[in-house]
Every structure is written in C-alpha cells, then in structure tokens.
Amino acid sequence: MRWPARIIALIVVVPLRLLWELLCLIGRGIKFLFWTWFLRPILRGLKVLLWDWFLYPVLAFVGRYILVPIGNAIAWVVTHLLARPLVFLFRYVLLKPATWLWRYVLRPVGRVTLQALRFAWDVSTAVLNFLIVRPLSWLWRAVLVPIGRGIAVVWHHLVVLPVSWAWRNVLTPIGRGIRAVWRVLVVVPLRWVGRNVLRPIGRATGEVLRAFGIGGR
C-alpha cells in the first residue's frame, strides 16, 4: 500500500510542487525587477515632483495666505457684525425688558390677583355658609325634622292605629258575620233546594220524556 502512494506522490505531487516553487520564484523576480527597480522609483519621483515640489507648496500658500485670511475675515464679520449685535439685542431688548416686566409687573399683578381671588372665595364661602347653608341646616334640623316626626306620629295615631283597630275589630268580624249569614241564608238553602228539589224534578222530567220517546236514551 505504501509503494503505490509513493509512486503517485513522486509522479504527481513532486512535479506540481516544483512547478509551484518555480512560479513563486519567477513572481518574486518579476516583483523585484518591476516594482523595486522600475515602478516604485517612478512613483517616488512623481510624489516628490507633484506633491512635494508643486501641490503641497501651492496648497500651503493658498491655505496660509488666502483661506486663513478669508476664514479670519468671515469669523470677524460673524462675531462682530452678527453674533455680538444679536447677543446685545437679545440681552438688552428682549431678556432684560422681559425680566423687568415679569419681576415688577406680571408677578406682583399675579400675586395681587391670586390674593383677591382667594379673598373673594373666602368671602363668598362665608356668606354662602352664613346666609344659606346654616339657615337651611337649622331649618331642616329645628323645623322640618320635628314637623315631619309630628306628622308621622299624628298619622300613626290618627290614621294607622284607628284603621288597623277598625279592620281588626270591626270590619273583619262584620265580614265574617256577613259570610256566615250568606252561607246560612243563601248557600245552604240553595244547595238543599238543588239537591232535594231540582235534581229529583230533573230526573223525573227526564224519565217522563224518555217514556214518551222525546229524550235521548
């Protein structure tokens, strides 16, 4: 098993490895010749020629003698002609008058108005209490409640108790007597007449009718 693997490695792997090493060596040589000896010196020369000798001095000159003065001028204009006047206007035209108005006008007026409203509320509450709430409370407690209790007592003694006594002692016995009299004088005689008179008459009449062939069989 080892000899076939060694033969395959010798025939396939070793040539491929040698070819790869050869290609790496050629690539290193090309890199060394093309980059180290040709392209990098050209790029360094272009960098020194274009950036170090031309672009950087020009940009430094433009920045130092053109852009910086223009920026300083713009900053001076913004600071002295815009920011400071706006701060001055805000501080002395808006903030201080508003502060003075709040401190010496609005806050005292608000305090006085609040105290006046509190005083008016206290006065109206006291007047309402003394003129309406207390008299109504006294009227309810000293007049209406006793009158209501007296009416309830009078109604109980003059109406409820007499009606209850009359119902229990007069109307109920009268009703029972009327029911007993009705039973004795009306119900019992009618039952006796029906049972002893009408029913035999009805039976006799039926027999007579059946004898003549008039009634049903």
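Residues numbered from 1 in each chain as written. Predicted model: local features only at pLDDT ≥ 70, side-chain atom pairs only at ≥ 80, totals over all residues. Heavy atoms only, no water.

Comments concerning a positive patch on the surface
Okay, so step 1: Taken together, the side chains of R183, R191, R195, R199 and R203 make up a positively charged region of the molecular surface.
Okay, so step 2: Among the secondary structure elements, R195 is positioned in helix α1 (residues 2–211).
Okay, so step 3: Residue classification places R195 among the partly exposed residues on the basis of a relative accessible area of 44%. (Patch = residues over 30% accessible without salt bridge, like charges linked within 9 Å, V, L, I, M, F, W, Y side chains within 5 Å. Areas by Shrake-Rupley, 256 points an atom, 1.4 Å probe, with all protein chains shown as cover. Salt bridge = Lys/Arg side-chain N within 4 Å of Asp/Glu carboxyl O. Lys, Arg positive; Asp, Glu negative; His and termini not counted. Charge placed at Lys NZ, Arg CZ, Asp CG, Glu CD. Helix = DSSP H or I, 4+ residues; strand = E, 2+ residues; numbered from the N terminus. Buried < 20%, exposed > 50% of the residue type's maximum accessible area, 1.4 Å probe, protein only.)

Points about the environment of R91
Okay, so step 1: Within the element layout of this structure, R91 appears in helix α1.
Okay, so step 2: Given the relative accessible area of 42%, R91 is considered partly exposed.
Okay, so step 3: Filtering out sequence-adjacent residues up to four positions away, R91 remains in contact with K96 and P97. (Contact = heavy atoms within 4.5 Å.)

As for the packing of aromatic side chains
Okay, so step 1: The final tally for this structure, using the stated rule, is three aromatic pairs.
Okay, so step 2: Relative to Y92, the ring of F88 lies with its centre 4.8 Å away and its plane at 40°, an arrangement referred to as tilted. Here F88 pairs with Y92, and both are found in helix α1, just four residues apart, close to one helical turn.
Okay, so step 3: Classification of Y92 as partly exposed rests on a relative accessible area of 39%. (Phe/Tyr/Trp six-rings, centres within 6.5 Å; stacked < 30°, edge-to-face > 60°.)

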